[in-house]
Amino acid sequence: MLYGANDIVLPSGRPLVDLDVMRTLARQAREHAYAPYSRFKVGACLLSAATGRMYTGCNVENSSYGATVCAERNAILHAIAEEGVVGVEALVVVSDDDPPAPPCALCLQVLAEFSRPDTRVILFSVDGKCVEYSFAELLPNPFIFPTMRQ
Ligand code: THU
């Protein structure tokens, strides 16, 4: 079951989640974060369910604070730009926080459109602490447009 984007067809086999690779890519993306205001750098790496391809994102802040884009939304937008509508198999986020920071509510709502309740969300701190949630644990009741409900 997908929360939204209900024309996604999942392959019979799911891609393997290589946490080491995803964490490395998220850490590298975090190095590219543009965060001169908060100094809080975040990196993300998302795994496409249909293709097994991985897409990264970092936070990009702006003088007009509300224009800031979080790492997680950057990653999902990056994925869609590259391969069209995607289903998210797994998302890795790296931040310098303890416990490791989860995606904000706005990012969860955006991700819900392309995620399943059992999509894996794995959070790392830069010093290696790790916490894992299912998507539904982080956002049990996303808003879903009526015509997109299954
Ligand atoms: N940030 C993210 O990139 N992801 C989140 O889920 C939480 C917050 C960024 C936005 C902003 O650049 C900085 O962290 C502080 O809020």
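All of these numbers come straight from a predicted model, not from anything done at the bench.

(A) Region of the structure containing helix α2 (residues 71-83). The first and last C-alpha atoms of α2 sit 18 Å apart over 13 residues, in line with the 18 Å expected at 1.5 Å per residue. Here α2 has its buried residues at Ala-71, Glu-72, Arg-73, Ala-75, Ile-76 and Ala-79. Looking at the packing, one finds that the buried side of α2 touches β1 (42-48), β2 (54-58), β3 (88-95) and α3 (105-112). Gly-84 sits one or two residues past α2 and shows a positive phi near 80°.

(B) Quick peek at the UniProt feature "binding site: substrate" (unreviewed entry) in the chain. Mapped onto this numbering, the UniProt entry gives "binding site: substrate" (unreviewed entry) at Asn-59, Val-60, Glu-61, Asn-62, Ser-63, Ser-64 and Tyr-65. With respect to the secondary-structure elements, Val-60 resides in the loop between β2 and α2. On the accessibility criterion, Val-60 (35% relative accessible area) is partly exposed. If we ignore the near neighbours within four places in the chain, the residues touching Val-60 are Tyr-34, Ala-67, Thr-68, Val-69 and Asn-74. When you line up the elements, Tyr-65 lands in the loop between β2 and α2.

(C) Structural view of the site of the ligand. Around the ligand, a shell composed of Ser-38, Phe-40, Val-42, Asn-59, Glu-61, Thr-68, Cys-70, Ala-71, Glu-72, Pro-102, Pro-103 and Cys-104 is seen. The separation between a nitrogen atom of the ligand and a polar side-chain atom of Glu-72 is 2.8 Å. Here the ligand, which alone exposes 370 Å², has 77% of that area covered by the protein. Of the residues belonging to the shell around the ligand, the class tally is 7 nonpolar, 3 polar and 2 charged.

(D) Spatial organisation of unusual backbone geometry. Here Asp-98 and Pro-99 are connected by a cis peptide whose omega angle stands at 5°. Along the chain, Pro-99 turns up in the loop between β3 and α3. Not every positive phi belongs to a glycine, and Arg-39 is a case in point at roughly 60°. If you trace the backbone, Arg-39 turns up in the loop between α1 (19-31) and β1. The exposure class assigned to Arg-39 is exposed, which follows from its relative accessible area of 67%.

(E) View of a nonpolar patch on the surface. Judged by side-chain polarity, Tyr-34, Tyr-37, Val-60 and Tyr-65 come together as a nonpolar surface patch covering roughly 430 Å² of accessible area. Structurally, Tyr-34 is set in the loop between α1 and β1. Among the residues examined, Tyr-34 registers a relative accessible area of 43% and is labelled partly exposed.

(F) Here's a closer look at the nonpolar core. Within the largest apolar cluster, 21 residues are counted, with the highest numbers of intra-cluster contacts made by Leu-46, Ile-76, Leu-91, Leu-111, Val-121 and Phe-135. Counting residues per element, the ones that place at least two in this core are β1, α2, β3, α3, β4 (115-125) and α4 (135-138). For this core, the leading source of residues is α2, giving 4 residues. Contacts of Leu-111, omitting those with residues within four sequence positions, involve Leu-46, Glu-72, Ile-76, Leu-91 and Phe-135. Listed in part, the 9 residues of the second largest apolar core include Met-22, Ala-26, Ala-90 and Val-94.

Calculation notes
- Counting restarts for each chain: residues are numbered from 1 in the order of the written sequence.
- With the structure being a predicted model, the display of local features is reserved for residues of pLDDT at least 70 and the display and counting of side-chain atom pairs for 80 or more, all residues being used for whole-chain, interface and lining totals.
- Think of the side-chain values as coming from all heavy atoms in the structure, minus any hydrogens and water.
- Put simply, DSSP marks the helices as runs of H or I at least four residues long and the strands as runs of E at least two long, and each gets a number from the N terminus on.
- One less than the number of residues in a helix, times 1.5 Å, gives the span that helix is expected to have.
- Relative accessibility decides the category of a residue: with a 1.4 Å probe and only protein chains considered, values under 20% of the type maximum give buried, values over 50% give exposed, and everything between is partly exposed.
- Two residues form a contact once any of their heavy atoms are found within 4.5 Å.
- UniProt positions are given in the numbering used here, feature names are shortened, and annotations may be inferred rather than shown by experiment.
- Whether a residue is near a molecule or strand depends on its heavy atoms: if one lies within 4 Å, it is near.
- The term polar contact refers here to a pair of N or O atoms within 3.5 Å; inside protein, the definition further demands a hydrogen-donor-capable atom paired with an acceptor-capable atom, and it admits residues adjacent in sequence only when both atoms are side-chain atoms.
- To be clear on the numbers: accessible area is Shrake-Rupley with a 1.4 Å probe, and residue cover counts the displayed protein chains and nothing else.
- Amino acid classes used here: Ala, Val, Leu, Ile, Met, Phe, Trp, Tyr, Cys and Pro are nonpolar; Asp, Glu, Lys and Arg are charged; the rest, including Gly, are polar.
- Like charges are joined within 9 Å and nonpolar side chains (Val, Leu, Ile, Met, Phe, Trp, Tyr) within 5 Å, but only among residues with over 30% relative accessible area and no salt bridge; these make up the patches.
- Throughout this description, the term salt bridge denotes a Lys or Arg side-chain nitrogen within 4 Å of a carboxyl oxygen of Asp or Glu.
- Think of a nonpolar core as a cluster: buried Ala, Val, Leu, Ile, Met, Phe, Trp, Tyr and Cys residues, connected wherever their side-chain atoms sit within 4.5 Å.

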